[in-house]
Amino acid sequence: MFYHLLKYVLLGPLLRLLFRPRIEGLEHVPEEGAAIVAGNHLSFSDHFLMPVVLKRRITFLAKQEYFTGPGIKGRLTAAFFRSAGQIPVDRSGKEAGQAAIREGLGVLSKGELLGIYPEGTRSHDGRLYKGKVGVAVMAITAGVPVIPCAMVGTFEIQPPGQVVPKVRRVTIRFGAPLDFSRYAGMEGEKAAVRAVTDEIMYEILALSGQEYVDDYAATVKAAEEQAKAGNAGPPRKFPRRGR
């Protein structure tokens, strides 16, 4: 109920007016049935702009920190995400990945649309980072298509650390559904889930045109922060590839 109130009355019309999103490939998102929408993650605004343009409801696996923040702001943020039907996921500890997969499979088992950012966190510099394999495990286990999605321009309107986004037009591109039925029963094989994840990331890259870094975003960010703090040598260099 609150989800639709936000989308069609309280927030959606305002976001459409301010950011005038260009929508490309929306026909690739199935009108019914379970599917995963896997996108790049450049900005806090992504959580709101993608759902606004979709015809169907989409449930995201959101980091637990959005639900546990201190003070009034934290409580309001938690209430907002819960009311919008988003699911908190603890990203720390050995069981974090399995917990996220269980929650995601629960959404898909209901025939719903699941949103996920395979990078696992927002890009801190606008580049596209290596994807984590949870998206592949869910796609293979549930036997559902994956729709790649690229948010273009959201890093410029609200990079990490910026509270109020700039008013500027953004583009949201959806690619053709990816079918991984040939990997049926192979969700426990490392080579298979890595291959599926890399294929998904390549399609996101083709849609977004970002610079690619073949390492995890959290790893690169931690190395850079260590270097700035003087606790390490020069930042590690990671292989890159363009569009």
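Everything numeric here is computed off the predicted structure, so don't read it as measured data.

Which parts of the structure should I look at to understand the sheet that holds strand β1 (residues 22–24)?
The strands making up a sheet are joined through hydrogen bonds of the backbone, oriented either antiparallel or parallel. With respect to topology, seven strands assemble into an open sheet ordered β1-β8-β7-β2-β5-β3-β4, the strand pairing being mixed. Lying at the two open borders of the sheet, with one neighbouring strand each, are β1 and β4 (87–89). Adjacent strand axes in the sheet meet at a mean angle of 25 degrees when their direction is disregarded. Bridge analysis of strand β3 (residues 58–63) against strand β5 (residues 113–116) gives three bridges, and the strand direction is parallel. Note on β5: the bridge partner recorded for Phe60 is Gly115. Lying on the sheet, helix α6 (residues 134–142) is in contact with β2 (35–39), β3, β5 and β7 (146–152); it crosses β2 at an angle near 160 degrees.

I'm lost on the pairing of strand β8 (residues 171–174) in this one. Help?
Where a strand is regular, its side chains alternate between the two sheet faces. Where β1 meets β8, three bridges bridge the pair, whose relative direction is parallel. By the bridge assignment, Ile23 is partnered in β8 with Ile172. Judged from the four bridges that link them, β7 and β8 form a sheet pairing that is antiparallel. In the sheet register, Met151 faces β8, and the bridge partner there is Ile172.

Got a minute to help me understand the environment of Leu54 in this structure?
Residue position: Leu54 is located in the loop between α3 (46–53) and β3. Counting along the chain gives 27 residues from Leu54 to Glu27, while the straight-line C-alpha distance between them is 10.0 Å. Not counting residues up to four positions away in its chain, the partners in contact with Leu54 are Lys7, Leu26, Val29, Leu113 and Phe174.

When you look at the pattern of salt bridges in this model, what are you seeing that I'm missing?
Pairing is possible between side chains that carry opposite charge, provided their charged atoms lie close to one another. Counting across every chain of the model gives five salt bridges. A salt bridge links Glu24 to Arg173; its shortest N-O distance comes to 2.8 Å. Taken together, the positions of Glu24 in strand β1 and Arg173 in strand β8 put the pair 149 residues apart, joining distant regions of the chain. Note on Glu24: relative accessible area 35%, which makes it partly exposed. By relative accessible area, which is 23% here, Arg173 ends up partly exposed. With its nearest N and O atoms 3.9 Å apart, the salt bridge here joins Arg127 to Glu211. Of this pair, Arg127 sits in the loop between β5 and β6 (128–129) while Glu211 sits in the loop between α8 (190–208) and β9 (212–213); the two residues are 84 residues apart in sequence, bridging distant segments of the chain. Overlapping salt bridges, with partners in common, bring together Asp125, Arg127 and Glu211 in one network.

Sorry, what's going on with the packing of aromatic side chains here?
Pairs of aromatic rings are described using the distance from one ring centre to the other and the angle between the two planes. Counted by the stated rule, this structure contains three aromatic pairs. Between the aromatic rings of Phe44 and Phe48, the centroid separation amounts to 5.4 Å while the plane-to-plane angle is 65 degrees, which identifies the pairing as edge-to-face. Overall, Phe48 belongs to the buried group, its relative accessible area being 18%. Ring centres 5.3 Å apart and planes at 20 degrees place the aromatic pair Phe60 and Tyr117 in the stacked group.

Explanation requested: the packing of α6 against α8 in the structure shown.
The geometry of a pair of packed helices is captured by two quantities: the angle between their axes and the separation between those axes. Orientation of α6 relative to α8, taken along the N-to-C sense of each, is 105 degrees, at an axis distance of 8 Å. Relative to α8, α6 is oriented roughly perpendicular. Between α6, through Val135, Ala136, Val137 and Ile140, and α8, the contact on the second element is made entirely by Val193, Val196, Thr197 and Ile200. Here the contact of α6 with α8 is built from residues that sort into seven nonpolar, one polar and no charged.

Cut-offs used in this document
Residues numbered from 1 in each chain as written. Predicted model: local features only at pLDDT ≥ 70, side-chain atom pairs only at ≥ 80, totals over all residues. Heavy atoms only, no water. Pairing = 2+ DSSP bridges. Helix = DSSP H or I, 4+ residues; strand = E, 2+ residues; numbered from the N terminus. Axes fitted to C-alpha atoms, helices over the stretch in contact; angles between N-to-C directions. Contact = heavy atoms within 4.5 Å. Salt bridge = Lys/Arg side-chain N within 4 Å of Asp/Glu carboxyl O. Buried < 20%, exposed > 50% of the residue type's maximum accessible area, 1.4 Å probe, protein only. Phe/Tyr/Trp six-rings, centres within 6.5 Å; stacked < 30°, edge-to-face > 60°. Parallel < 35°, antiparallel > 145°, perpendicular 65-115°, else oblique. Nonpolar A, V, L, I, M, F, W, Y, C, P; charged D, E, K, R; others polar.

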